[in-house]
Amino acid sequence: GSHGKHSIDGGRMSITNKGELLSALPNWLGRGDVTSTRYQEMVDMCDAKLRRTLRARDMETRNITFTIGAEYVTLPTDFLEVKSLYLNTDPIRPITHMPDDMMNLLFTSGNQKPAYFNIAGDSFRFRPVPDSSYSATLTYYARPGALSSGAANTATNWIINEHPDIYLYGSLVEAEGFLMNDARILTWRQQYDAAIAERKNSSNRSMWGSPGLQVRVT
């Protein structure tokens, strides 16, 4: 059947946006009883999984003028996870994570320079409560642009541009619920896991350099 074939150009699949991904999935799945809504659900589930699990250099965003002027400060709209946070003081002062119950126990009163944070709903929570407005540098992992149900077929993001196989195999894996015991699911999951691992390894190499280039101290 045609479900195992797809056009590849120069080692890259011709999938660059949501519409092309939705067109490719039926070719790979090879099923005539799957609705377009179900294909979109597969992409939605892949999208959600990537947001939960993928952390890569391409997702890092830095705000060097992040303002901390109250106990609660709204998170950036595309926020996923903090990588680093520090006050732009001289010397810089790191702000580290502290669980909410510990915050409540240790900081019962008094406003000072904030030293700890956690996430409360859609806001940062800082303690001690800031005694004035502080400029900080926030580096965080930003949510990639969604290919979800509300997005146009032309919707794209850096993942599908650079790694279309992640979206292809990740979406196909989500067909497991109605394919039932299809041997291809295992292959697709292995391909997806391999693509994710390659992306993470590439990201680590770009941040830390090749192990062969590290200086040895003897």
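See the structure above.
Residues numbered from 1 in each chain as written. Predicted model: local features only at pLDDT ≥ 70, side-chain atom pairs only at ≥ 80, totals over all residues. Heavy atoms only, no water.

1. Regarding the overall build of the protein chain
Here comes step 1: A count of helical and extended segments in the protein chain gives seven helices and twelve strands.
Here comes step 2: Put simply, the protein chain has 218 residues, and 39% of those count as buried.
Here comes step 3: As presented, the protein chain carries roughly 12200 Å² of accessible surface, and 51% of it is formed by carbon and sulfur atoms. (Helix = DSSP H or I, 4+ residues; strand = E, 2+ residues; numbered from the N terminus. Buried < 20%, exposed > 50% of the residue type's maximum accessible area, 1.4 Å probe, protein only. Areas by Shrake-Rupley, 256 points an atom, 1.4 Å probe, with all protein chains shown as cover.)

2. Overview of the sheet that holds strand β5 (residues 79-87)
Here comes step 1: Taken in spatial order, the four strands of this open sheet run β3-β12-β5-β6, and their pairing is antiparallel. One side of each edge strand has no neighbouring strand; the edge strands of this open sheet are β3 (60-68) and β6 (93-94).
Here comes step 2: Alignment of β3 against strand β12 (residues 134-142), held across seven bridges, turns out to be antiparallel. Its bridge partner lying in β12, R62 is registered against T139. (Pairing = 2+ DSSP bridges.)

3. Quick word on the packing of aromatic side chains
Here comes step 1: Inspection of every chain in the model, using the stated rule, returns seven aromatic pairs.
Here comes step 2: Ring geometry for F107 versus Y116: centroids 5.7 Å apart, planes at 40°, classification tilted.
Here comes step 3: Taken together through their ring pairs, the aromatic side chains of F66, F79, F117, F124, F126 and Y140 make up a single cluster.
Here comes step 4: Above the plane of the ring of Y192 lies K49, whose end atom (NZ or CZ) is 5.5 Å from the centre. (Phe/Tyr/Trp six-rings, centres within 6.5 Å; stacked < 30°, edge-to-face > 60°. Lys NZ or Arg CZ within 6 Å of the ring centre and 35° of its normal.)

4. What about the sheet that holds strand β10 (residues 123-127)?
Here comes step 1: With mixed pairing, four strands are arranged side by side in an open sheet as β4-β10-β9-β7. Of all strands in the sheet, those bounded by a partner on one side alone are β4 (72-74) and β7 (96-97).

5. Some remarks on helix α5 (residues 164-173)
Here comes step 1: Counting buried residues along α5, nine of its ten residues qualify, which places the element largely inside the surrounding structure.
Here comes step 2: Looking only at α5, the buried set comprises P164, I166, Y167, L168, Y169, G170, S171, L172 and V173.

6. A short note on the side chain of T137
Here comes step 1: Structurally, the position occupied by T137 is in strand β12.
Here comes step 2: If near-sequence neighbours (up to four positions away) are discounted, T137 is found in contact with R62, N63, I64, S84, L85, Y86 and N88. (Contact = heavy atoms within 4.5 Å.)

7. Overview of the environment of G170
Here comes step 1: Relative to the helices and strands, G170 resides in helix α5.
Here comes step 2: Sequence separation between G170 and M42 is 128 residues; the distance between their C-alpha atoms is 8.3 Å.
Here comes step 3: Setting aside residues no more than four positions away along its own chain, G170 makes contact with C46, D165 and Y192.

8. Comments concerning the pattern of salt bridges
Here comes step 1: Under the criterion given, the structure shown has twelve salt bridges.
Here comes step 2: Of the charged contacts, one joins E176 and R189 as a salt bridge, the two residues approaching to 2.7 Å between their closest N and O atoms. Taken together, the positions of E176 in helix α6 (residues 176-179) and R189 in helix α7 (residues 184-208) put the pair 13 residues apart, joining distant regions of the chain.
Here comes step 3: Note on E176: relative accessible area 38%, which makes it partly exposed.
Here comes step 4: Residues joined by salt bridges that share partners form a network here, namely E71, D100, R125 and R127. (Salt bridge = Lys/Arg side-chain N within 4 Å of Asp/Glu carboxyl O.)

9. What about the nonpolar core?
Here comes step 1: Among the nonpolar cores identified, the biggest contains 36 residues, and L21, L25, L29, L50, Y167, L172 and W188 are the most heavily contacted of them.
Here comes step 2: Of all the elements in the fold, those that place two or more residues in this core are α1 (18-29), α2 (36-53), α4 (158-162), α5 and α7.
Here comes step 3: The residues contacting Y167, other than those within four sequence positions of it, are L21, C46, D47, L50, G145, L147, N157, I159 and I160.
Here comes step 4: The next biggest cluster of nonpolar side chains, apart from the first, holds 17 residues, and it includes L85, L87, A136 and L138. (Core = buried A, V, L, I, M, F, W, Y, C linked by side-chain atoms within 4.5 Å.)

10. Observations concerning α1
Here comes step 1: An ideal rise of 1.5 Å per residue puts 16 Å on twelve residues; α1 measures up with 17 Å between its terminal C-alpha atoms.
Here comes step 2: Turning to α1, its buried residues number three or more, namely K18, G19, L21, L22, A24, L25, W28 and L29.
Here comes step 3: Downstream of α1 by a residue or two, G30 has a phi angle that is positive, lying close to 65°. (Expected span 1.5 Å × (residues − 1).)

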